[in-house]
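# Examination of the molecular architecture
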Amino acid sequence: MVTVVTRQGRRIEIIYQSELCDPLNMGEYVRAYCHIHGSDHQRSLSINKKTGWGHCFNAACDATVLVAEWNPPVAERLLRARYQTGAPVPPAYYQPPEKKLPPVYQPVLLHPLKTPPKWQRDELAALLSLSRQMRAALVHSKQARAYLYERGIPLEVALTAGVSYLPSAMLNMPELQEKGGILRRWADRIIFPLTSPAGKGYIGRSLCHWQPGMDENTHKSLLDQPKRPRRWITNPAGWFGYDIDHLSGCLILVEGAFDRLTLLSAGFPAAGVIALVGTATQADWYPHQVKAVILALDADDGGKEATSRLACRLTQTGICVRLCPPLQDKWGKDWNERWHRIGPQSVWPIYEAYAELWGA
Ligand SMILES: [Zn+2]
């Protein structure tokens, strides 16, 4: 293991495959016990096999790692930069003296660490299998299109972001009988794709009892009544817009899925806007290229608390942070509400923060 500190002050541990402690192959990611802080009861180290980048989920450790063999060009560049600053650099053939462990691609490692309950796996598999039909349903559903329209979101923006719709009529089709039973709670929902280090997931917003012309807050109070469907459901939790291999160097974090669609409608790049959608925010999920983050969470108490917690953690990891909550006036507490009430001027504060960071 070699520690490198970048010019931005970020600390990266360059590690070798043989150092990974009892790694488990979990699809796109490998999980291992963290030898950096010496964890032996949890595989807190999560590494993307394609990019070689990984993080330790242990809050006290919080290490960012790069597995040298999985991303030789970047590992070499980092080691060279370190050498230029005068610190000693190990030769390319250097192998640390730790005990030899089996390489991570061995089939024996191909079993998941913690399997979610069967109903959850079945539900996710059913959603994934219907993704194409659900996207087509968004185009064809009058109800879903009217809903997006009233939220101020163009259909193309939603489709490009992977948004879809599951009409209950689809679940009643004879050929989907089995899936229909599994997906009942997802009926009549606008569905957003989610991503996390564990893989893909979905979050769905119920349109039950919504009618064109109905105000968002009226709909919310209708759904909050007993025996009504929950406004939002997820399986499993994740972020909307998190694509670890294509994240921009400057990220805007918002709370809701519709807030993200709002910013995309306003012209912000898809690779630069992430919706947290209620996930416990983990600073460990930010890949190395992220240098700056604009925190644009809601202006309510929950949003403020999450903002200060995140600002603190991100700053500690060397990321430049700007706070940009929605203005506290009569036009609404989140970006989407403000967008469909006052239009483009609602997102000017984010443009300003963004321009300031790029200029910096
Ligand atoms: Zn660790």
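Here the structure is a predicted model, which means the values were calculated and not measured.

To continue, consider the overall build of the protein chain. Helices and strands together make up the secondary structure of the protein chain, namely 12 helices and 15 strands. In the protein chain, which comprises 360 residues, the share counted as buried stands at 50%. Restricting the contact set of the protein chain to residue pairs at least 6 apart, pairs at least 24 apart contribute 61%.

So, about the packing of aromatic side chains. All chains considered together, the criterion is met by 9 aromatic pairs. Plain terms: the ring middles of Tyr147 and Trp210 are 5.0 Å apart, the flat faces sit at 85° to each other, and that makes the pair edge-to-face. Highlighted residues: Tyr147 in helix α4 (residues 142-151) and Trp210 in the loop between β10 (199-206) and α8 (216-223), separated in sequence by 63 residues. Ring centres of Trp239 and Tyr242 lie 5.0 Å apart, and the angle between their planes is 85°; on these two criteria the pair is classed as edge-to-face. The pair formed by Trp239 and Tyr242 is uniform in burial state, with each residue classed as buried. Ring pairs connect the aromatic residues Tyr147, Phe192, Trp210, Trp232, Phe240 and Phe258, which therefore count as one cluster. Lying across the ring of Phe258, Arg151 places its NZ or CZ 3.9 Å from the centre. Looking at Arg260, its charged tip hangs above the ring of Phe240, at a distance of 4.6 Å from the centre.

Attention shifts here to the sheet that holds strand β7 (residues 64-67). Taken in spatial order, the 7 strands of this open sheet run β1-β2-β7-β6-β5-β4-β3, and their pairing is mixed. Because the sheet does not close on itself, it has two edges, and the strands there are β1 (2-5) and β3 (21-26). In this sheet, neighbouring strand axes are inclined to one another by 25° on average, regardless of whether the strands run parallel or antiparallel.

Ordered by their spatial adjacency, 4 strands build an open sheet running β13-β12-β14-β15, and the pairing between neighbours is parallel. Strands at the two margins of the open sheet, each flanked by one partner only, are β13 (273-275) and β15 (320-323). Across this sheet, the average inter-strand angle for adjacent strands is 25°, counted without regard to direction. Sheet analysis places strand β12 (residues 250-254) next to strand β14 (residues 292-295), joined by 4 bridges and oriented parallel. The residue of β14 that forms the bridge with Leu251 is Val293. Along the sheet, helix α9 (residues 257-265) makes contact with β12 and β13, crossing β13 at roughly 165°.

Bound to the zinc ion are the protein donor atoms Cys34 (SG), His37 (ND1), Cys56 (SG) and Cys61 (SG), situated 2.0 to 2.3 Å from the metal. Of note is the zinc ion, whose 4 donor atoms meet at the metal with angles of 98 to 120° in an arrangement that counts as tetrahedral. Within one chain, the residues donating to the zinc ion are spaced in sequence as C-x2-H-x18-C-x4-C. Highlighted residues: His37 in the loop between β4 (29-33) and β5 (45-48) and Cys56 in strand β6 (residues 53-56), separated in sequence by 19 residues. What makes His37 partly exposed here is its relative accessible area of 32%.

Where helix α2 (residues 118-129) meets helix α3 (residues 131-140), the axes come as close as 5 Å, and the angle between the chain directions of the two elements is 60°. Relative to α3, the element α2 is oriented oblique. Between α2 and α3, the residues in contact are Leu127, Leu128 and Ser129 and Ser131, Gln133 and Met134, respectively. Split into classes, the residues belonging to the contact of α2 with α3 amount to 3 nonpolar, 3 polar and no charged.

With that out of the way, let us pick up the packing of α3 against α4. Packed helices, taken two at a time, are described by their axes: the angle between them and the distance between them. Between α3 and α4, whose axes approach to 6 Å, the crossing angle comes to 70°. Compared by their axis directions, α3 and α4 come out roughly perpendicular. Here Leu138, Val139 and His140 of α3 lie close against α4, whose contacting residues are Lys142, Ala144, Arg145 and Leu148.

Quick notes on the rules
- Residues numbered from 1 in each chain as written.
- Predicted model: local features only at pLDDT ≥ 70, side-chain atom pairs only at ≥ 80, totals over all residues.
- Heavy atoms only, no water.
- Helix = DSSP H or I, 4+ residues; strand = E, 2+ residues; numbered from the N terminus.
- Buried < 20%, exposed > 50% of the residue type's maximum accessible area, 1.4 Å probe, protein only.
- Contact = heavy atoms within 4.5 Å.
- Phe/Tyr/Trp six-rings, centres within 6.5 Å; stacked < 30°, edge-to-face > 60°.
- Lys NZ or Arg CZ within 6 Å of the ring centre and 35° of its normal.
- Pairing = 2+ DSSP bridges.
- Axes fitted to C-alpha atoms, helices over the stretch in contact; angles between N-to-C directions.
- Donors = N, O, S within 2.8 Å, 3.2 Å for Na, K, Ca; no water.
- Tetrahedral: all angles 85-135°; square planar, octahedral: opposite > 155°, others 65-115°.
- Parallel < 35°, antiparallel > 145°, perpendicular 65-115°, else oblique.
- Nonpolar A, V, L, I, M, F, W, Y, C, P; charged D, E, K, R; others polar.

The values reported here are purely geometric and, on their own, carry no functional implication.
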